[in-house]
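What follows is each chain in one-letter form.
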Amino acid sequence: MNEFSEWMNEFSERYRNQAERFKMQKNKGNEIFMQDGHRMICVPVYVHKEYLAYLILDTGQLEIEETDLMMIEQAGSVVAIELLKERELLQREQAMKEQLLEDILLRRYKDEGMILQRENYLGYDISRQYSIFVLDANGFENYLCGPLKNSSESRIQNINADIHEIIRNKIETEFPQVLFCFDSIGATGMVKIKNEKEIRRCQKVLEAVIAELEKEYAPLTFLAGLGSVRTKVSQASESLEEARLAMKTGKSLADGFGTGKACLHATTITERRRTGCLSTRTR
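Residues numbered from 1 in each chain as written. Predicted model: local features only at pLDDT ≥ 70, side-chain atom pairs only at ≥ 80, totals over all residues. Heavy atoms only, no water.

**Overview of the pairing of strand S8 (residues 221–226)**
Counting buried positions along S8 gives 5 out of 6 residues, so the element sits mostly inside the fold. Direction of pairing for strand S5 (residues 130–138) relative to S8: antiparallel, over a ladder of 6 bridges. Bridged to valine 134 within S8 is glycine 225. Here 3 bridges tie S8 to strand S9 (residues 263–265), and the two strands are oriented parallel to one another. Considered in S9, the bridge of leucine 226 is made with histidine 265. (Buried < 20%, exposed > 50% of the residue type's maximum accessible area, 1.4 Å probe, protein only. Helix = DSSP H or I, 4+ residues; strand = E, 2+ residues; numbered from the N terminus. Pairing = 2+ DSSP bridges.)

Shown next as structure tokens:
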């Protein structure tokens, strides 16, 4: 699937400005005529009206026969089955990861060694040095009653899924060692942090996530909080509370003064309170 996606990206980049026209063939296959005389056949792979992928066939300058198109469509059915199998495996794995993080945060374990074994099974090594972060929308209820007032439940669920995907993709790109739990609109995460420099980098990544979300879903605003670095599994709930406090502080500042920081770090709040200068910057 990854190789297919990479090939599709390369194909799209190569031919993006060359396609002269599209025409539907019996609502099944797209025949694409290129400037160099090539013909491309694009057959959608879908299940229950959900498009999963596309099969692309370069036919050169030859016209494709109806029987050939039927064979490609049959191949699409096989691809759809394989993609569904892969999706199911990914969903199972993600459910195991979310369950692991929930058990850590809620202390649903008797032996920390078992948590480390579960991490190792999933390919992670986080809980020896990590930080907990939270990210959520500010005023989502007003958003539901405003721009989304007449939207269907399906539309709202699609927005939630898209927000989760943006959060996951941007953070995993910078920090592959991260576990997520998602609620209706926000996320809680456990990210491996090695040093103070990575804390600052994680803070910037969260702010970049927020910037993209606010661009895609204006007028929604988002805030995040980042807990201090911990070195024991049993301290995860403490880092979580710090992250929640940091986010709550950012929300209060934004609500009260119209300015604030997209992502506050727990140690920043502690230091500024100690010195009496809990300042903000304009976003």
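**A few points about helix H6 (residues 196–216)**
Helix length check: H6 (21 residues) gives 31 Å between terminal C-alpha atoms against 30 Å at 1.5 Å per residue, within 8%. For H6, the elements touching its buried residues are S5, helix H5 (153–174), strand S7 (187–192), S8 and S9. Two or three places before lysine 197, at the start of H6, stands the capping residue asparagine 195, its side-chain oxygen 3.2 Å from that residue's backbone nitrogen. (Expected span 1.5 Å × (residues − 1). Contact = heavy atoms within 4.5 Å. Polar contact = N/O pair within 3.5 Å; in protein donor to acceptor, adjacent residues only side chain to side chain.)

**Structural notes on unusual backbone geometry**
Residue proline 219 is reached from alanine 218 by a cis peptide bond, and omega for that bond is 10°. Relative to the elements of secondary structure, proline 219 occurs in the loop between H6 and S8. Of note, the phi angle at arginine 107 is positive, near 55°, even though the residue is not glycine. Secondary-structure assignment places arginine 107 in the loop between helix H2 (66–105) and helix H3 (112–121).

**Some thoughts on the confidence of the model for the protein chain**
The predicted model of the protein chain has a mean per-residue pLDDT of 78, with 75% of residues at 70 or higher. Across the protein chain, S7 holds the top mean pLDDT of 96, while strand S1 (residues 19–25) sits lowest at 38. Scored below 50 in pLDDT, residues 256–260 makes 10 contacts in the model with residues more than four places away or belonging to other chains. For residues 271–283, every residue scores under 50 in pLDDT, and the model assigns this stretch 23 contacts once sequence neighbours within four places are set aside. (pLDDT = per-residue confidence, 0-100.)

**Section: the side chain of serine 237**
Locating serine 237 in the fold gives a position in helix H7 (residues 236–257). With a relative accessible area of 19%, serine 237 lands in the buried category. Not counting the four nearest positions on each side in its chain, serine 237 is found in contact with Leu105 and Arg107.

**Brief notes about the nonpolar core**
Of all hydrophobic cores here, the largest spans 33 residues; its most connected members are Leu135, Ile167, Ile171 and Leu206. Of all the elements in the fold, those that place two or more residues in this core are S5, helix H4 (140–145), H5, strand S6 (178–182), S7, H6 and S8. Sorting elements by how many residues they give to this core places H6 first, with 7 residues. If sequence neighbours within four positions are ignored, leucine 206 has contacts with Phe133, Leu135, Ile171, Ala224, Leu226 and Cys263. Listed in part, the 21 residues of the second largest apolar core include Tyr109, Ile115, Leu240 and Ala243. (Core = buried A, V, L, I, M, F, W, Y, C linked by side-chain atoms within 4.5 Å.)

**Focus: H5**
For H5, spanning 22 residues, the distance from its first C-alpha to its last is 32 Å, which sits close to the expected 32 Å at 1.5 Å a residue. Residues of H5 that are buried: Ile156, Ile159, Asn160, Ile163, His164, Ile166, Ile167, Arg168 and Ile171.

**Here's the deal with the pattern of salt bridges**
Pairing is possible between side chains that carry opposite charge, provided their charged atoms lie close to one another. Within this structure, the stated rule accounts for 14 salt bridges. Among the ionic pairs, aspartate 125 bridges to arginine 128, the shortest N-O distance being 2.7 Å. A salt bridge links glutamate 212 to lysine 170; its shortest N-O distance comes to 3.3 Å. Pair noted here: glutamate 212 is in helix H6 and lysine 170 is in helix H5, with a separation of 42 residues, a long-range link. Judged by its relative accessible area of 30%, lysine 170 falls in the partly exposed class. Overlapping salt bridges, with partners in common, bring together Glu102, Asp103, Arg108 and Arg118 in one network. (Salt bridge = Lys/Arg side-chain N within 4 Å of Asp/Glu carboxyl O.)

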